[in-house]
Amino acid sequence: MTSDHTPVTVLGLGRMGAAIAQVFLRNGHPVTVWNRSPDRAPHLDGLGAVRAVSLTEALKAGELIVVSVPETAIAATLLHTAPEALAGRTVVNLSTGRPAEARDLEAWIAEQGGRFLDGSILGMPETMGTPESTIIYSGSPEAATDQQAVIAELGTAKHLGADAGLASVHDLAVLAGMYGLFGGFFQAAAMLRGAHRDTAEPTGSLLVPWLRSVIDTLPALAAQIDNGEFPPIMASVDEHQFILRMLLDANRDADVPTDLLDPLLRLFDSGVEHGIGADSLTRVVPLLLNSPARA
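Keep in mind it's a predicted model, so treat the numbers as computed, not measured.

**A closer look at the overall build of the protein**
Moving on, step 1. Along its length, the protein carries 12 helices and 8 strands.
Moving on, step 2. Here the C-alpha coordinates of the protein stretch approximately 65 × 45 × 30 Å along the principal axes.
Moving on, step 3. Looking at the protein, you have 19 positive and 34 negative side-chain charges, and the mean spots of the two groups are 3 Å apart.

**Remarks on the nonpolar core**
Moving on, step 1. Counting 30 residues, the largest nonpolar core has Val10, Ile20, Phe24, Leu44 and Met128 as its most contacted members.
Moving on, step 2. Only strand E1 (8-11), helix H1 (15-26), strand E2 (31-34), strand E4 (64-67), strand E6 (115-122), strand E7 (134-139) and helix H6 (141-151) provide two or more residues apiece to this core.
Moving on, step 3. Of the residues forming this core, the biggest block, 8 residues, is contributed by H1.
Moving on, step 4. With residues near it in sequence (within four places) discarded, phenylalanine 24 still touches Val8, Val10, His29, Val31, Val66, Val150, Glu153 and Leu154.
Moving on, step 5. Residues Leu11, Ala58, Leu86 and Trp108 belong to the second largest nonpolar core, which totals 24 residues.

**Quick word on the packing of helix H4 (residues 72-80) against helix H5 (residues 99-111)**
Two packed helices can be described by the angle between their axes and the distance between those axes.
Moving on, step 1. Orientation of H4 relative to H5, taken along the N-to-C sense of each, is 15°, at an axis distance of 10 Å. Overall, the two elements H4 and H5 adopt an arrangement that is roughly parallel. In terms of crossing hand, the pair formed by H4 and H5 is left-handed. Only Glu101, Leu105, Trp108 and Ile109 of H5 make contact with H4, whose side of the interface consists of Thr72, Ala73, Ala76, Leu79 and His80.
Moving on, step 2. Counted by class, the contact of H4 with H5 contains 6 nonpolar, 2 polar and 1 charged residues.

**What about the packing of helix H10 (residues 237-253) against helix H11 (residues 262-273)?**
Moving on, step 1. Two numbers describe how H10 lies on H11: the axes approach to 9 Å, and their chain directions differ by 145°. Crossing of H10 over H11 shows left-handed handedness. Contacts between H10 and H11 involve Val237, Asp238, His240, Gln241, Leu244, Arg245, Leu248 and Arg252 on the former and, on the latter, Asp262, Leu264, Leu265, Phe268, Asp269, Gly271 and Val272.

Conventions we followed
Residue numbers restart at each chain and count upward from 1, following the sequence in its written direction. Selection of residues for local features in this predicted model requires a pLDDT of at least 70, selection of side-chain atom pairs for listing and counting requires 80 or more, and totals for whole chains, interfaces and linings are taken over all residues. Heavy atoms throughout the structure, all of them, feed into the side-chain values; hydrogens and water do not. Every helix listed is a DSSP run of H or I at least four residues long, and every strand listed is a run of E at least two residues long, numbered separately from the N terminus. As used throughout, the charge tally considers Lys and Arg to be positive and Asp and Glu to be negative, leaving His and the chain termini uncounted. Note on charges: their place is set at NZ of Lys, CZ of Arg, CG of Asp or CD of Glu. As used here, the term nonpolar core means buried Ala, Val, Leu, Ile, Met, Phe, Trp, Tyr and Cys residues forming a set that is joined through side-chain atoms within 4.5 Å. The classification of residues rests on relative accessible area computed with a 1.4 Å probe and restricted to protein chains. Under 20% of the type maximum is buried, over 50% is exposed, and intermediate values are partly exposed. It only takes one pair of heavy atoms within 4.5 Å for two residues to be counted as in contact. Orientation is described by lines fitted to C-alpha atoms, with helices fitted over the stretch in contact, and by angles between N-to-C directions that extend from 0 to 180 degrees. These descriptions rest on fixed angle ranges, namely under 35 degrees for roughly parallel, over 145 for roughly antiparallel, 65 to 115 for roughly perpendicular, and the rest for oblique. Crossing handedness: left-handed means the near helix sits turned counterclockwise from the far one by under a right angle, and right-handed means the same turn made clockwise. Here the term charged refers only to Asp, Glu, Lys and Arg, the term nonpolar to Ala, Val, Leu, Ile, Met, Phe, Trp, Tyr, Cys and Pro, and the term polar to all other amino acids, Gly among them.

In structure tokens:
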């Protein structure tokens, strides 16, 4: 297969990696694929992918190396086995990892003569190649400029800056919000089931509409944190403290554990103790940074 498009190598052929390879194949790139289990994603062969026999062969075939494995630590282990094949190439890591791991991998790849971008996918395999998938990435500005158009083929792409750890910070921050949502939902479901009620109907008719209205306030709440101005929007810290304590007491009365929400009450309690009870609930965020004076 010949093409004027950037030769791409995709390492890792799970559902996401296979979807990434398929997007690049559809867009006319010469695509080489490699997976630790060599028979993974056989449908890519019929689409024109070249299946490399070795990792070194795969790395040497691509100008852009896209890594999609479960975690950055695995990506680093794989790349360390073939350092000689990285010179002159750009590695885009789309595996989940910690910011420090991304920075370490960037430094090591630079020593091998390559360039590095760490990225995260906010989307599903089914939405790859559409605006519904968002690709955030950070690292080498030169590599970002050179490969911007190729990365953007995967979805709505945004380079966050030269610090290779920034994409991981943003990705994990988004996941923190998601898991916080799950924690509240699980508590609500436990309360309903503890009262011998089904969860599906009230979740759909009451909880979801309420959460959507709350979610709409998040940009304004974030602006408070950035600007350091905390007029109450939803309610003040002490009002939330009162409501949350009542909620937790009701759970305990029904013998429903409150472990998921206890830390939030402790945070509101700390805010009141520091004299910020009359302000917006967002003013407790500096307390998470161990800086009561900044509250």
